[in-house]
Amino acid sequence: MLAWDDLVARSVITSPVGGWKPLAIAAAVEAVLAGGKHKVERREIGRSFEGGPIEMLVLGNGPKKAMMWSQMHGDEPTHTAMLLNLLKLLLEDDTPAERVLRGLTIGMILPLNPDGAERNTRQNAQGIDVNRDALEFATPEGRAFRDTILDFKPDYGFNLHNQGRRTAVASPLGPASVSLLVPPLDPEDSQTDSVQEANRVAATFFERVREACDGRVTRYDADFMARAFGEWVQQQGVSVILVEAGGWPDADFKRMEEVHFAAFVQTLDAIAATALGEPGGLEDCDPQNYLTLPRSSSYPQFDLLIRGAGVAQLSGEKAVVSKAELGVDFPGRMAGCAAMEGGTVAAIGDLHENGGLTTIETPAVIAPGRIVLAEPTDDAFDESPADWETLSAKGATTVLIPINLGAGGVEAQVAAAKRLSPPLNAALVATWDGEAPDKGLVLRRLTQGLAGGVVATLGPLPEKLVEACCRMGIPALDPATTPTRSAPVPATLDAWLRETRSVASQLGWNTRGEVMLNYPADLVLIETPADHAIAQDCLRAVYVGGTVVRDAAGLHHDSPGKWIPWGGPRG
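Predicted, not measured: the structure shown is a model, and the values here were computed from it.

Definitions and cut-offs
Residues numbered from 1 in each chain as written. Predicted model: local features only at pLDDT ≥ 70, side-chain atom pairs only at ≥ 80, totals over all residues. Heavy atoms only, no water. pLDDT = per-residue confidence, 0-100. Contact = heavy atoms within 4.5 Å. Salt bridge = Lys/Arg side-chain N within 4 Å of Asp/Glu carboxyl O. Buried < 20%, exposed > 50% of the residue type's maximum accessible area, 1.4 Å probe, protein only. Helix = DSSP H or I, 4+ residues; strand = E, 2+ residues; numbered from the N terminus. Polar contact = N/O pair within 3.5 Å; in protein donor to acceptor, adjacent residues only side chain to side chain. Phe/Tyr/Trp six-rings, centres within 6.5 Å; stacked < 30°, edge-to-face > 60°. Lys NZ or Arg CZ within 6 Å of the ring centre and 35° of its normal. Axes fitted to C-alpha atoms, helices over the stretch in contact; angles between N-to-C directions. Parallel < 35°, antiparallel > 145°, perpendicular 65-115°, else oblique. Left-handed = near helix turned anticlockwise from the far one by under 90°. Nonpolar A, V, L, I, M, F, W, Y, C, P; charged D, E, K, R; others polar.

Undergrad: Give me the lowdown on the confidence of the model for the protein, citing residues and values where you can.
TA: Looking at the protein as a whole, its pLDDT mean stands at 93, while 97% of the residues score no less than 70. Below a pLDDT of 50 lies the segment residues 377-381, which in the model reaches twelve contacts outside its immediate sequence neighbourhood of four places, other chains included.

Undergrad: Now, about the pattern of salt bridges: what can you tell me, with residues and values included?
TA: Summed over all chains, the structure comprises 35 salt bridges. In this structure, Arg216 engages Asp214 in a salt bridge whose closest nitrogen and oxygen atoms are separated by 3.7 Å. Assessed through its relative accessible area of 56%, Asp214 is described here as exposed. Here Glu361 and Arg307 are joined by a salt bridge, their closest N and O atoms 3.3 Å apart. Placement of the pair is Glu361 in strand S16 (residues 356-361) and Arg307 in strand S11 (residues 302-307), with a sequence separation of 54 residues. Among the charged side chains, a salt-bridge network with shared partners connects Glu98, Arg99, Arg102, Asp269 and Glu278.

Undergrad: I'd love a proper account of the environment of Asp438, names of residues and values included.
TA: Structurally, Asp438 can be placed in the loop between strand S20 (425-431) and helix H13 (439-452). By relative accessible area, which is 46% here, Asp438 ends up partly exposed. When the C-alpha positions of Asp438 and Lys464 are compared, they lie 7.5 Å apart, and in sequence the two are 26 residues distant. At 3.1 Å, the side chain of Asp438 forms a polar contact with the backbone nitrogen of Gly440.

Undergrad: Run through the packing of aromatic side chains, naming residues and quoting values.
TA: Taken as a whole and judged by the stated rule, the model has six aromatic pairs. Judged by centre distance (6.0 Å) and plane angle (80°), the rings of Phe137 and Trp232 are edge-to-face. Placement of the pair is Phe137 in the loop between helix H5 (114-119) and helix H6 (140-152) and Trp232 in helix H8 (residues 229-235), with a sequence separation of 95 residues. A single burial state applies to Phe137 and to Trp232, both of which are buried. Taken together, the ring pairs connect Trp69, Phe137, Phe145, Phe229 and Trp232 into an aromatic cluster. Stacked on the ring of Phe152, the Lys or Arg Lys65 has its end atom at 5.0 Å from the ring centre. Over the ring of Phe137 we find Arg146, and its NZ or CZ is 4.6 Å from the ring centre.

Undergrad: Please give an account of the packing of helix H12 (residues 410-418) against H13 that cites residues and values.
TA: The geometry of H12 relative to H13 is characterised by a closest axis approach of 9 Å and an angle of 20° between their N-to-C directions. Viewed along their axes, H12 and H13 adopt a mutual orientation that is roughly parallel. In the crossing of H12 with H13, the sense of the turn from one axis to the other is right-handed. Contact with H12, carried on its side by Val410, Glu411, Val414 and Lys418, involves Arg445, Gln448, Gly449 and Gly452 of H13 and no other residues of that element. Taken together, the residues of the contact of H12 with H13 break down into two nonpolar, three polar and three charged.

What follows is the structure in structure tokens.
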């Protein structure tokens with residue numbers, strides 16, 4: 001058997017953030033082929049709806065044929081990286097996987113759905129799910145795939161996908177890093193010779209992978225689907241297995257790619273051994289090891305789960321700390337297709353059956369992050385790391401940056417502020433310190449400010465500016481109640497919550513300033529005594545969009561703060 005650690009070390013090609021696009025795949029294939037030592041046949045098997053080429057790479061000269069395809073769903077990138085690493089391994093001079101080349105003739109399609117890969121969508125350019133097109137063959141991708149199966153006549157098929165990264169296994173609780181399925185031949189799940197062979201292949205994959213992912217392997221939660229291609233290919237007498245890559249603890253998707261690659265190569269090696277009549281083949285694995293796999297849990301994981309002393313919310317004017325956990329989800333469904341940032345609060349309550357890809361255990365209370373003004377006199381936005389350090393140390397997750405309309409040069413002020421990549425969220429507010437304006441000047445500079453992203457005004461303001469803002473529905477901040485960087489933090493949890501809700505309300509931010517479902521996960525962890533007093537050293541962590549930006553080590557300067565735009569006139 002090929003050594004596991006050696007295979008892991010050879011998994012060097014990894015999915016780019018945002019997933020694999022056709023041009024990047026083509027460039028990677030060309031680079032691998034240029035350095036390869038073995039013959040590869042390149043067959044164009046069809047064109048996508050938008051005319052993109054769909055290519056199958058054929059290599060090896062074994063007696064059994066194995067066909068594998070990735071990105072039938074364009075937003076599922078993990079196995080494209082795996083196939084590129086496989087191609088690289090097989091083309092090496094004196095490759096350790098030489099038995100795979102002797103025992104198998106391999107057909108490799110990556111990607112099957114280039115238009116979906118370009119868009120990072122499940123569907124093709126027609127908006128059709130190619131993997132649900134096995135009855136009508138309405139997509140050019142589906143027709144090309146059908147014709148290739150019938151022409152190539154593989155003995156084995158590998159239907160390679162990503163399931164949701166939050167799909168879970170119940171025991172041990174964690175992400176389902178691998179899910180396997182032998183697609184049923186029919187509603188009765190008839191066990192023909194080819195299906196039983198597929199069971200052995202699935203059991204082999206399971207045996208190879210389970211230790212590396214601490215048993216986080218499930219049977220994919222699906223029954224017979226007549227319109228799915230896995231079932232159609234199985235009905236052609238091909239031994240097909242579906243391999244789904246899910247999530248990995250702490251979102252270590254590179255590690256997941258390595259594990260899938262190593263297990264896949266070892267499985268191909270076992271198939272090749274069987275084809276050649278050599279030891280180490282499929283017969284060494286019991287099909288029951290696949291057939292008895294548990295299905296995926298009905299409770300999906302969260303990208304981030306915080307288990308603290310409770311969640312702080314206002315009831316009237318008083319803070320109530322509910323004994324509850326908090327789950328955060330980031331945008332996107334699949335591993336590697338989106339940056340793990342911009343998260344929102346997905347659930348509050350007893351979440352022990354869900355768990356999280358990342359779990360934080362803390363004695364602190366979960367509270368909303370503060371919205372703090374950087375005073376105009378601060379020379380604020382040459383911001384140095386020390387300035388952001390001060391803001392984050394006071395529990396700020398959003399900073400209001402003043403733009404002085406009275407000084408003129410509004411576009412230049414906006415450009416100077418927005419050249420920053422803020423580690424915290426930031427928004428522009430308009431002030432007026434300067435000449436007494438006429439109406440035309442007020443409107444011109446206010447329009448320039450709004451075009452630059454000003455979200456509110458901060459008094460005192462000239463009367464003409466106040467009138468213009470009222471007509472245009474622009475929020476106005478009360479300087480007496482807007483917290484500043486130089487002011488002390490609120491003395492109690494009650495005052496903290498009242499402050500954040502008040503400032504968010506003045507700004508017209510209806511989904512910020514509190515810890516609530518579907519709000520941005522702009523959070524702080526505060527360790528407080530029973531009377532909810534807030535001490536100077538009580539802050540334990542600050543999260544912006546679910547990403548930790550401050551912890552015991554201080555501020556993380558490359559953190560993903562966002563510029564918050566104006567939300568339009570208030571109703």
